[in-house]
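Chain and residue survey
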Amino acid sequence: MVILHYQYILMRYLLSLLLLTFHLQANAQEALAYITLDDFLNSTPTQLPVTPSPRSFSDNEWAGATLYDFKGGSAIINEDLKHRCFAIEYHDSLFINLYGTMDVMGYANVKARFGTYLYFTTIASNLPHHRRYVAVNSKGHVTNQDVKRDYLNGTGLIGYGIASTIIDSKQEGRYASSKQFTYLYGLQEGELFLLTPDMMEEMLRGRHDLLRLYVSSGSPDNDGAYYFYLSRLFNVE
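Please read all numbers here as calculations on a predicted model, not as lab measurements.

To continue, consider the overall build of the chain. For the chain, the count of helices and strands is 10 helices and 11 strands. Across the 237 residues in the chain, those meeting the buried criterion constitute 42%. The contacts of the chain with a sequence gap of at least 6 include a subset with a gap of at least 24, amounting to 51%. With an accessible surface of roughly 13,500 Å², the chain has 55% of that area assigned to carbon and sulfur atoms.

Here it is in structure tokens:
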């Protein structure tokens, strides 16, 4: 009888453990979808059984880019997630939809929140006023070559392959497809900002110590530098 009693307890324990595992696995598939910016600001998400998957690229198509797709629901849900969703929270990660913010199909992982700004890096924006900021010289600073103006000023996706070939052939600098750009999405403004050295210097004007350090270091244009200075500007460790 004692042996049967312990077997019964062990079976109950194993069953509870199995149910807990299934429960955790089921919950792991639940993502919090913020359909609109207001939903995100008001913390009123919709739970959806979807998961992120990083998109892979060939060497000649946005090489080095990191984009995510969300799938797992119905075809209608998946289509809505592509076109009509502001952001998705999955576990401890937040992903912002790039379709409505910069006319790119896919999601980017938000690395940090600085005040009222969401900070992330991803491929080149398709917004016309961002497309001018694409060609870079060997030192990583923005150039103003005619080729950039002629082929990338608001041309949209149709100009990608042509422009990259022309720039590479003229050795005018790397095309945006092989470079990660840094962005701030302003939650108050409801607008996407492309981070540039000029913008970074403007944001640091209230902190002369940080501005002096940034300028003296050559006003670097890269994710590591932007994250470093914004973290200190907004006191985020």
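There is more to say, and it comes next.
With that settled, the discussion passes to the packing of helix 9 (residues 208-216) against helix 10 (residues 223-233). Interaxial distance between helix 9 and helix 10 falls to 11 Å at its minimum, and their mutual angle equals 170 degrees. Overall, the two elements helix 9 and helix 10 adopt an arrangement that is roughly antiparallel. Side by side, helix 9 and helix 10 meet where Leu 210, Leu 213 and Tyr 214 of the first sit next to Tyr 226, Phe 228, Tyr 229, Arg 232 and Leu 233 of the second. Looking at the contact of helix 9 with helix 10, its residues break down into seven nonpolar, no polar and one charged.

This brings us to the sheet that holds strand 10 (residues 181-186). Ordered in space as 8-9-10-11, the four strands form an open sheet in which the pairing is antiparallel. Only two strands of the sheet have a single neighbouring strand rather than two, namely strand 8 (112-114) and strand 11 (191-194). The sheet shows a mean angle of 30 degrees between the axes of neighbouring strands, direction not considered. With three bridges connecting them, strand 8 and strand 9 (residues 117-122) associate as antiparallel partners. Of the residues in strand 9, the one forming a bridge with Arg 113 is Leu 118. Lying on the sheet, helix 10 is in contact with strand 8, strand 9 and strand 10; it crosses strand 9 at an angle near 165 degrees.

The next point concerns the confidence of the model for the chain. Taken residue by residue, the chain gives an average pLDDT of 74. The fraction at 70 or more is 65%. Note on residues 4-28: pLDDT under 50 across the span, and two contacts to partners over four residues away in sequence or across chains. Note on residues 135-177: pLDDT under 50 across the span, and 70 contacts to partners over four residues away in sequence or across chains.

A few words now on empty space enclosed by the protein. Take a probe with the size of a water molecule and roll it over the atoms, and the empty space left behind shows itself. If you walk through the whole model with that rule in mind, you get two cavities of 30 Å³ or more. What the largest cavity holds in volume is close to 80 Å³. If you trace the largest cavity, you find it lined by Arg 55, Tyr 68, Asp 69, Phe 70, Lys 71, Asn 78, Leu 81, Lys 82, Asn 97, Met 105, Gly 106 and Tyr 107. Secondary-structure elements contributing two or more residues to the lining of the largest cavity are strand 4 (68-71) and helix 3 (75-83). Here the lining of the largest cavity takes four residues from strand 4, the largest share from any one element.

Looking at the secondary structure, you find Ser 125 in the loop between strand 9 and helix 5 (128-131). Here the side chain of Ser 125 touches His 130 through a polar contact of 3.0 Å, side chain to side chain.

This next bit is on the nonpolar core. Within the largest apolar cluster, 25 residues are counted, with the highest numbers of intra-cluster contacts made by Phe 86, Ile 96, Leu 98, Leu 118, Phe 120 and Tyr 185. Elements with a contribution of two residues or more to this core: helix 2 (37-41), strand 6 (93-97), strand 7 (107-110), strand 9, strand 10 and strand 11. Sorting elements by how many residues they give to this core places strand 10 first, with three residues. Core analysis: the next-biggest nonpolar cluster, separate from the first, contains 16 residues, Tyr 119, Leu 184, Met 199 and Leu 204 among them.

About the criteria used
- Residues numbered from 1 in each chain as written.
- Predicted model: local features only at pLDDT ≥ 70, side-chain atom pairs only at ≥ 80, totals over all residues.
- Heavy atoms only, no water.
- Helix = DSSP H or I, 4+ residues; strand = E, 2+ residues; numbered from the N terminus.
- Buried < 20%, exposed > 50% of the residue type's maximum accessible area, 1.4 Å probe, protein only.
- Contact = heavy atoms within 4.5 Å.
- Areas by Shrake-Rupley, 256 points an atom, 1.4 Å probe, with all protein chains shown as cover.
- Axes fitted to C-alpha atoms, helices over the stretch in contact; angles between N-to-C directions.
- Parallel < 35°, antiparallel > 145°, perpendicular 65-115°, else oblique.
- Nonpolar A, V, L, I, M, F, W, Y, C, P; charged D, E, K, R; others polar.
- Pairing = 2+ DSSP bridges.
- pLDDT = per-residue confidence, 0-100.
- 1 Å grid on protein atoms, 1.4 Å probe; cavity = no way out; pocket = protein on both sides within 12 Å on 5 of 7 lines; lining within 4 Å.
- Points joined across faces, edges and corners; volume = space filled by probe spheres on them.
- Polar contact = N/O pair within 3.5 Å; in protein donor to acceptor, adjacent residues only side chain to side chain.
- Core = buried A, V, L, I, M, F, W, Y, C linked by side-chain atoms within 4.5 Å.

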